[in-house]
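Here's the letter readout for the chains.
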Amino acid sequence: MKVRKLISASAVAGLLLASVPFTAASAATTETGGQAPMTEGQQPKAAKPHKQAKHAQNQTVGQLTFIGEQRIANDLKFEETLVGGLSGIDYNPRTHQWILISDDRSDNAPARFYSAKLKYDTKSFYGVELTGMTEFKQEDGTTYPNKKDYTANQQGIVPDLESIRFDPDGKTIWYTSEGDRTLNLNPFIRQATLKGKYLSSILTPKAFQIDANSGSSTQKGFRNNLALEGSSFSPDGKYYFTSMEASLYQDGEISTVDAGSYSRITKYNRSGDIIAQYAYPIDAIPAKPGPGKSADNGVSEMLAINDHQYLILERSGVQAADGNYSNYIRIYEADAAQATNVNNLNSLPSGQFTPLTKKLVLDLNTLGLPKLDNVEGMAWGPKLQNGHDSLVLVSDNNFGASQVTQLLAFDVSPEKK
């Protein structure tokens, strides 16, 4: 949940895709920060043969044309849960089912995702219907605890779930959590059945983890509430990608009004090996906050176009003098073709590297929407009648009365040759 993890403008500035569990012994760390031997569920295994996904294999992005908007009421309750905090979305082309993950940290109800039907065409976005609610289960079969319960008994992991994807095999899902430095909990990537049952846990790179050396005066690893925000499979299902919302401590300061920063995008193959890691250049904060107020900018989601090009969703919140926030949302196309593999760089400022290139695809603030909220999720949808791909975004209302849950649908025109 993005409880306004904003900074003052005056501030300076493993996984994967196999349908079986695996990890690399050299990178094995616990999700609570310390070193640990691999458990049975983490033993490396050979990846199963992968069936080709039904997603389009030759996706290109030319222009995004806005189709329409639907909203989910802030007070909507579904299957005895309050619907909100929707931070990730995905679509299964085999079943035509949508899923939306909530970043509720088990406070309103146990960590969960919703199933839905979205109705839209090239002319209009007609409606959203929730069709199911599924609780995520931990390895022991229990639901995730909230912070109060975890503090009381130190059992399980407090979730901060952000991104969700169907495995291209159509039989499982993958989801990410940002972790919590205050609880000594590292970010994680987990695989689950379509019923939410835990299958495997693939740990993130060691560079992302909390530094186990408590005697160190220099913080390393992920920043709290600024970690594993995005994920995506390549359309052919051969690769899996994750994106950090903001810079690691060792990679420099996060974005300010005066300067941008770098996020790390990690590319894994189907066997769970890290193929590459790239530095994505995050923009500076696009507007100045009011005196003494706060602002931020970071990567809230990514979506693979192919094995080296991605749509990147940058989301900025800027607080005005009256305390109200304005959101600045942009979609970029990033290309790793000429980017340096920074996987072996401990600190980005310490070495020479070429970041991903990026070009603006759409500034959502130009759409003239009555309200543009905290957009965090992005997914390919079904093909439209004109043969174009479709794209859907969703906003996280933070369970706040002043925010909204909005879904935005787009027609994706292919790139002109």
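Predicted, not measured: the structure shown is a model, and the values here were computed from it.

**Describing the overall build of the protein**
Step number 1: Scanning the protein for helices and strands turns up 1 helix and 23 strands.
Step number 2: Buried residues in the protein amount to 59% of all 417 residues.
Step number 3: Accessible area for the protein stands at about 16800 Å²; split by element, carbon and sulfur atoms hold 48% of it.

**A look at unusual backbone geometry**
Apart from glycine, the bulk of residues carry a negative phi angle, and the bulk of peptide bonds sit in the trans form.
Step number 1: Notably, glutamate 79 is not glycine yet its phi reads approximately 50°, a positive angle.
Step number 2: Within the secondary structure, glutamate 79 is located in the loop between strand E3 (77–78) and strand E4 (81–82).
Step number 3: Classification of glutamate 79 as partly exposed rests on a relative accessible area of 45%.
Step number 4: In this structure, serine 106 takes a positive phi of about 60° despite not being glycine.

**As for the sheet that holds strand E5 (residues 86–92)**
Step number 1: Pairing within the open sheet is antiparallel, and its 4 strands lie in the order E5-E6-E7-E8. Lying at the two open borders of the sheet, with one neighbouring strand each, are E5 and strand E8 (125–135). The sheet shows a mean angle of 30° between the axes of neighbouring strands, direction not considered.
Step number 2: Bridge count for strand E6 (residues 97–102) against strand E7 (residues 112–120) is 4 bridges, and the pairing is antiparallel.

**Side note on the environment of threonine 95**
Step number 1: As for its placement among the helices and strands, threonine 95 is situated in the loop between E5 and E6.
Step number 2: Here the alpha-carbon distance between threonine 95 and glycine 170, two residues 75 residues apart in the chain, equals 8.4 Å.

**A closer look at the pairing of strand E14 (residues 239–244)**
Step number 1: Burial of E14 is extensive: 5 of the 6 residues sit out of reach of the surface.
Step number 2: Here strand E13 (residues 228–233) runs beside E14; their pairing, made up of 5 bridges, is antiparallel. Within E14, the position partnered with leucine 228 by the bridge is methionine 244.
Step number 3: In this antiparallel pair of consecutive strands, E13 and E14, the connection spans 5 residues, and glycine 237 shows a positive phi of 80°.
Step number 4: Here 5 bridges tie E14 to strand E15 (residues 261–269), and the two strands are oriented antiparallel to one another. For serine 243, the partnering residue across the bridge sits in E15 and is isoleucine 265.

**With respect to the side chain of aspartate 296**
Step number 1: Among the secondary structure elements, aspartate 296 is positioned in strand E17 (residues 294–304).
Step number 2: Taking the relative accessible area as the measure of exposure, aspartate 296 reaches 8% and is therefore buried.

**Quick look at the pattern of salt bridges**
Step number 1: Overall, the coordinates contain 17 salt bridges when judged by the stated rule.
Step number 2: With a shortest N-O distance of 3.2 Å, aspartate 90 and arginine 165 are connected by a salt bridge. Within this pair, whereas aspartate 90 is found in strand E5, its partner arginine 165 is found in strand E9 (residues 161–166), the two being separated by 75 residues in sequence. The same class applies to aspartate 90 and to arginine 165, which are both buried.
Step number 3: Salt-bridge contacts for aspartate 389 lead to lysine 383; the nearest nitrogen and oxygen are separated by 3.0 Å.
Step number 4: Exposure remark for aspartate 389: the relative accessible area of 8% places this residue in the buried category.
Step number 5: Salt bridges sharing common partners tie together Asp283, Glu314, Arg330 and Lys358.

**Thoughts on the confidence of the model for the protein**
Step number 1: On average, residues of the protein score 87 in pLDDT, and 85% of them are at 70 or above.
Step number 2: Counting contacts from residues 33–56, a segment whose pLDDT is below 50, to residues more than four positions away or on other chains yields 55 contacts.

**Let's talk about the sheet that holds strand E12 (residues 198–203)**
Think of a sheet as strands paired side by side through backbone hydrogen bonds, with each pair either parallel or antiparallel.
Step number 1: Spatially, 4 strands are ordered E9-E10-E11-E12 in an open sheet, and the strand pairing comes out antiparallel. Among the strands making up the open sheet, the edge pair consists of E9 and E12. On average, adjacent strands in this sheet sit at an angle of 20° to one another, irrespective of strand direction.
Step number 2: Summarising the sheet, strand E10 (residues 172–177) and strand E11 (residues 188–193) pair through 6 bridges and their orientation is antiparallel. For isoleucine 173, the partnering residue across the bridge sits in E11 and is alanine 192.

**As for the environment of alanine 304**
Step number 1: Along the chain, alanine 304 turns up in strand E17.
Step number 2: The class of alanine 304 is buried, set by a relative accessible area of 1%.
Step number 3: The sequence separation of alanine 304 and serine 231 amounts to 73 residues, and the corresponding C-alpha distance is 8.7 Å.
Step number 4: When residues no more than four places from it in sequence are discounted, the contact partners of alanine 304 are Gln59, Ser232, Phe233, Ser234, Pro235, Phe241, Gln309, Tyr310 and Trp380.

**Things to note about the nonpolar core**
Most often, soluble globular proteins keep nonpolar side chains buried together rather than apart.
Step number 1: In this structure, Ile89, Trp98, Leu118, Tyr120, Val392 and Leu407 are the most contacted members of the largest nonpolar core, which totals 22 residues.
Step number 2: Sorting the residues of this core by element identifies strand E2 (63–72), E5, E6, E7, E8, strand E22 (389–395) and strand E23 (405–413) as the ones contributing at least two each.
Step number 3: With 4 residues, E7 is the single largest residue contributor to this core.
Step number 4: Sequence-distant contacts of leucine 118, defined by excluding residues within four places in its chain, comprise Trp98, Phe125, Gly127, Val128, Val392 and Leu407.

**Comments concerning the packing of aromatic side chains**
Step number 1: What the rule picks out here adds up to 13 aromatic pairs.
Step number 2: Ring centres 5.5 Å apart and planes at 75° place the aromatic pair tyrosine 120 and phenylalanine 125 in the edge-to-face group.
Step number 3: Measuring from centroid to centroid gives 4.9 Å for phenylalanine 233 and tyrosine 240, while their planes differ by 65°, and the two rings are edge-to-face.
Step number 4: Judged by relative accessible area, which is 8%, phenylalanine 233 ranks as buried.

**Comments concerning the pairing of E6**
Step number 1: Taking burial as the measure, the 6 residues of E6 include 5 buried ones, the bulk of the element.
Step number 2: From the end of E5 to the start of E6, which pair antiparallel, there are 4 residues, and histidine 96 there has a positive phi angle of about 60°.

The rules behind each value
Residues numbered from 1 in each chain as written. Predicted model: local features only at pLDDT ≥ 70, side-chain atom pairs only at ≥ 80, totals over all residues. Heavy atoms only, no water. Helix = DSSP H or I, 4+ residues; strand = E, 2+ residues; numbered from the N terminus. Buried < 20%, exposed > 50% of the residue type's maximum accessible area, 1.4 Å probe, protein only. Areas by Shrake-Rupley, 256 points an atom, 1.4 Å probe, with all protein chains shown as cover. Pairing = 2+ DSSP bridges. Axes fitted to C-alpha atoms, helices over the stretch in contact; angles between N-to-C directions. Salt bridge = Lys/Arg side-chain N within 4 Å of Asp/Glu carboxyl O. pLDDT = per-residue confidence, 0-100. Contact = heavy atoms within 4.5 Å. Core = buried A, V, L, I, M, F, W, Y, C linked by side-chain atoms within 4.5 Å. Phe/Tyr/Trp six-rings, centres within 6.5 Å; stacked < 30°, edge-to-face > 60°.

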